[in-house]
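# Geometric and topological summary
Chain by chain, the residues:
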Amino acid sequence: EKGGYATFMEKEINEQPAAVRDTLLGRTDENGRLVLDDMRISEEELSQIHRIYIVACGTAAYAGMTAKYAIEHWTRIPVEVALAHEFRYCDPIVDERTLVVSISQSGETMDTLMAVKHARSLGAKTLAICNTHGSTIPRESDAVLYLHAGPEIAVASTKAFLGMIAACYVLGLYLAQLRGETYADDAKQVMAELHGIPDKIQALLDDTERVKEIAFFMADTRSVLFLGRNVGYPIAMEGALKLKELAYIHAEGFAAGELKHGPIALIEPGQPVFIVVPGPDTPHDLHKKVVSNIQEIRARGARTLVIAEEGDEDVVPFADEVIRVPQASPLLEPLLTVVPLQVFALHLSTAKGLDVDQPRNLAKSVTVE
Ligand code: F6R
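An account of the accompanying structure is given in this report. (Residues numbered from 1 in each chain as written. Predicted model: local features only at pLDDT ≥ 70, side-chain atom pairs only at ≥ 80, totals over all residues. Heavy atoms only, no water.)

Quick look at the packing of aromatic side chains now. Applying the stated criterion across every chain yields a total of four aromatic pairs. Judged by centre distance (5.2 Å) and plane angle (85°), the rings of W74 and Y169 are edge-to-face. Taken together, the residues W74 in helix α4 (residues 58–75) and Y169 in helix α8 (residues 159–178) connect sequence positions 95 residues apart. We classify W74 as buried; its relative accessible area is 4%. Ring centres 4.7 Å apart and planes at 65° place the aromatic pair F274 and F344 in the edge-to-face group. Remark: F344 occurs in helix α14 (residues 334–351) and F274 occurs in strand β8 (residues 272–276); sequence separation between them is 70 residues. Ring pairs connect the aromatic residues F226, F274 and F344, which therefore count as one cluster. When the ring centre of Y248 is taken as origin, the NZ or CZ atom of R360, which lies over that ring, is 3.8 Å away. (Phe/Tyr/Trp six-rings, centres within 6.5 Å; stacked < 30°, edge-to-face > 60°. Helix = DSSP H or I, 4+ residues; strand = E, 2+ residues; numbered from the N terminus. Buried < 20%, exposed > 50% of the residue type's maximum accessible area, 1.4 Å probe, protein only. Lys NZ or Arg CZ within 6 Å of the ring centre and 35° of its normal.)

Across the sheet, five strands lie side by side as β7-β6-β8-β9-β10; this open sheet has parallel pairing. Bordering the open sheet on either side are β7 (250–255) and β10 (321–325), each of which pairs with just one other strand. Sheet twist, expressed as the average angle between the axes of neighbouring strands with direction ignored, equals 20°. In the sheet, strand β9 (residues 303–309) pairs with β10 via five bridges, with the strands oriented parallel. Bridge pairing in β10 links A308 to R324. Of the strands in this sheet, β6 (223–228), β7 and β8 touch helix α12 (residues 232–247), which is tilted by about 175° from β7. (Pairing = 2+ DSSP bridges. Axes fitted to C-alpha atoms, helices over the stretch in contact; angles between N-to-C directions. Contact = heavy atoms within 4.5 Å.)

A word on the packing of α8 against α14. Contact geometry of α8 with α14 gives a least axis separation of 10 Å together with a crossing angle of 170°. Here α8 lies roughly antiparallel to α14, going by the angle between them. Of the residues in α14, those in contact with F161, L162, I165, A166 and Y169 of α8 are P334, L335, V338 and V339. In terms of residue class, the contact of α8 with α14 is built from nine nonpolar, no polar and no charged. (Parallel < 35°, antiparallel > 145°, perpendicular 65-115°, else oblique. Nonpolar A, V, L, I, M, F, W, Y, C, P; charged D, E, K, R; others polar.)

A complete count under the given rule lists 13 salt bridges for this structure. The closest approach of N and O atoms between E15 and K11, which form a salt bridge, is 3.0 Å. Judged by relative accessible area, E15 falls into the partly exposed class, the value being 23%. Put simply, E245 and K242 hold a salt bridge, and the shortest N to O gap is 3.8 Å. Residue E245 and its partner K242 are both found in helix α12; the two are separated by three residues, about one turn of the helix. A residue is classified by how much of its surface remains accessible, and E245, at 15% relative accessible area, is buried. On the accessibility criterion, K242 (0% relative accessible area) is buried. Linked through salt bridges whose partners overlap, the residues forming this network are R210, E213, R303 and E321. (Salt bridge = Lys/Arg side-chain N within 4 Å of Asp/Glu carboxyl O.)

In C-alpha cells form, the structure reads like this:
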C-alpha cells in the first residue's frame, strides 16, 4: 500500500508531480480558456467580486498566503488570508460581493467549516478548494474546486499543499480571465508554464541525496530557522511547520526583511538557517536583498542552507550548502522550493527514529474546534 516506500509521507512526496498534473488536468478548453467544473456561482456574480478572503489552517493557510501574491497580481482584487479560527471571531468585513475561499485537504476541519458557515451567514459567496470528494466543507459551499491529488494518508501534508497552490492559481487565472482580455493573455502563458512544473518537481525528487545527508548530520539540532521573502515567505513558514510536526524541533519561519527588526538576534555560531532565495529575475531586486541577508547572517556565524535556482552563482560565496531548484518564474517558484524542505523534514524525522506518518499529538483531520 506504500508502493515500495518506507512511509506514506515519502510516497506522497514522490506523488507530487502527478498531484500537480491532476490538479491542472482539464482546466482549459480548446481555445485555451480556463474552465472550472463544479461552479455553482454564476460568472456574472464572480465578475462582480471585489474582495477575497482565504480561510484555512496550518499548511492549507500557507498555501493561501502563497496564493495571495499571485491572485492579487493577476486580478487586482484584494485578497486577505485569515486563519479560519481567527476569521470566525474577528468580525470580518464581508458582503455579497466578497468571495470566501476555503482551503482544506480533508474538507472536515472544524475551524475551517465554521468559518465557511459564518461567511455564508454574512452573505458571502463561498468556494471550497478541497482534496476530499463529498466531504463536509465542499457540501457547505457554493462552489468547489477539487485538487484531485489522490488520498493523503500521512498526517503531515505534502502533495495536497502543492495541489492547493496549483488550484488557487487556476482560480486566480480564471478570475483574471473574467476581468477581461488584458489579463487573459497572462493566464494562457502562466497555465502553459504551470503544465511544465510537474517535470521540474520530478527533477528535484530525482536528486535528493544531499538533502538527505544534511538531514542525517543534523539529527541532534535543537533549532532551525527559515527565511523567505515574497512567495518564499509562506514557504519558509511551511518548512518550519514540517520540521516542528515531524522532527519535534523548534523551528521558525521569518520574512527575510524582518531579520533586522529582531530575529537576527537569534543568530549565533552554528545556528542552521534555511534561506529560500527568490530567482534572479524577481522584481524589485528581491534576489539581491535576500543574498545580502544571507551575507549578514553568515557573518554572524549562521550555517546557511541556501535554496536557490540553477545557475544562481551570487549565493555561492555565502552558502554552506546550496540546494538547487529548476528555474521558474517568480510566482511559480513555491511549487519547487518547498520540496527540499519537505524532504529535509522527512529525513530528519527518520534520522531521529520518529514516526513519520503519525507524529505525536496530531490527527489527520481536526474535527473539533
Ligand atoms: C500540516 C498539517 C496541518 C493541516 C491543517 C489543515 O502538515 O497537516 O497543518 O494542514 O490541520 O488541515 P486540512 O487541510 O485538512 O483542513
